[in-house]
Amino acid sequence: MHTDAVAAGGRGRPAGFLTLAGRPTGIGVLGWSFDALKVVIATPGGRVLAEHAHVVDKNELRIDTAAELLGTVAGQAGYHTTDLACVVLGVPAPYQRGVGAPARRDGFGFAPWLQTDPAAALAAATGIRALLENDANLGALGEYVFGAGRDRHSLIYVKLAEHSVGAGLVINGWLHRGVTGFAGEIAHLQIDDDGPLCACGGRGCLIHRIGPGLLDAAQHAYDQPLTYPRMLAMAADGDTGMARLLHDLGRSVGRPLADACTMLNPEVIVVDGAAGTAGRHIIAGIAEMIDRFAAPPAAAAVTVVPGEAQTDADILGAVALARHEIDLSEIVR
Ligand SMILES: [Zn+2]
């Protein structure tokens with residue numbers, strides 16, 4: 001995890017936050033991804049004071065449970081929940097403030113828990129201001145403010161987790177969420193004309209190339225049961241087949257990113273650092289497609305790099321969001 005010292009080199013205002021009796025302002029972060037909830041108390045500089053990982057239902061997050069966990073972890077850091085400046089909840093789905101998930105239509109089957117915006121319920125359950133944000137958007141902010149994208153003009157962040165793929169766009173100095181919060185949902189870019197139907201209502205979406213789809217592509221070639229972490233470890237150790245699979249995954253993501261480079265002209269593409277050293281194969285696949293398909297001036301202007309935040313980009317992004325939206329200098333507890 002990055003420290004305040006690292007943050008001092010980044011954007012924003014890393015120093016000078018008001019503290020009371022030597023205690024820094026605390027920011028509560030709930031990072032929800034698939035079936036895990038990371039509960040973190042962090043400083044405005046991105047330093048983690050206490051953290052806990054909790055297994056949750058992948059289809060629904062109970063707000064009362066989340067609030068209870070936040071209180072427990074806050075206590076470990078020496079805070080009451082109401083001492084915190086705010087709580088930021090990262091959600092693994094597109095999200096629009098005041099609405100929830102973007103407008104649904106018949107057959108649009110994801111994120112039923114997000115049909116109404118849960119921000120008010122979270123604020124009521126915790127007694128503090130609650131901000132919600134898409135998890136890939138938080139990753140983008142984390143890298144932009146604290147990590148590989150700091151001091152860069154613009155970036156596209158690619159989140160690649162075991163069960164999800166997404167992107168966050170930082171343009172003109174801040175997040176571009178789109179009119180309904182759907183910007184960056186590269187999971188639902190169509191890449192297979194005759195691929196399987198998707199919960200989004202489309203067909204052949206990129207999401208079906210990861211998770212079980214990625215494991216299925218490899219399992220028949222190996223005797224031992226494969227897991228995603230095992231695949232990454234094998235690729236990092238030089239397993240040729242696994243390296244090719246990840247390179248091809250990078251190509252699948254890279255082809256639409258090449259068009260995004262032509263349209264948006266970003267300075268850097270930051271690939272989720274959670275893939276570790278195996279991420280170099282994914283990055284190579286993305287770079288290959290950008291070199292091949294992006295307009296040459298846009299391809300020449302962009303670099304593809306691994307994230308610096310490893311598994312904590314979303315947590316750092318939540319801190320960045322809190323710093324951006326709340327005047328922490330007025331927080332006196
Ligand atoms: Zn889809």
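Quantities reported herein were computed from a predicted structural model and do not represent experimental measurements.

This brings us to the packing of helix 5 (residues 212-219) against helix 7 (residues 240-264). It is the contact of helix 5 with helix 7, at a shortest axis distance of 11 Å, that shows an interaxial angle of 145°. For helix 5 against helix 7, the interelement crossing comes out right-handed. Residues Leu 214, Ala 217 and Ala 218 of helix 5 lie in contact with helix 7, whose contacting residues are Gly 241, Met 242, Leu 245 and Leu 249.

Two elements in contact, helix 4 (residues 135-146) and helix 10 (residues 313-325), have axes whose closest approach is 6 Å; the angle formed by their N-to-C orientations is 80°. When the interaxial angle is binned, helix 4 and helix 10 end up roughly perpendicular. Contacts from Asp 135, Leu 138, Gly 139, Ala 140, Leu 141, Gly 142, Glu 143, Val 145 and Phe 146 of helix 4 reach helix 10 at Ala 313, Asp 314, Ile 315, Leu 316, Gly 317, Ala 318, Ala 320 and Leu 321. Classifying every residue of the contact of helix 4 with helix 10 gives eleven nonpolar, three polar and three charged.

Ranked by size, the top nonpolar core spans 99 residues in total, and within it Cys 86, Val 87, Val 88, Ile 269, Ile 286 and Ile 290 carry the most contacts. Per-element tally for this core: the top contributor is helix 7, with nine residues. In terms of domain composition, this core takes at least three residues from each of domain 1 (4-138 + 312-330) and domain 2 (148-307).

How each quantity is defined
- Residues numbered from 1 in each chain as written.
- Predicted model: local features only at pLDDT ≥ 70, side-chain atom pairs only at ≥ 80, totals over all residues.
- Axes fitted to C-alpha atoms, helices over the stretch in contact; angles between N-to-C directions.
- Helix = DSSP H or I, 4+ residues; strand = E, 2+ residues; numbered from the N terminus.
- Left-handed = near helix turned anticlockwise from the far one by under 90°.
- Contact = placed C-beta atoms within 7 Å.
- Parallel < 35°, antiparallel > 145°, perpendicular 65-115°, else oblique.
- Nonpolar A, V, L, I, M, F, W, Y, C, P; charged D, E, K, R; others polar.
- Core = buried A, V, L, I, M, F, W, Y, C linked by C-beta atoms within 7 Å.
- Buried ≥ 20, exposed ≤ 12 C-beta atoms within 10 Å, placed from the backbone.
- Domains from an automatic or database assignment.

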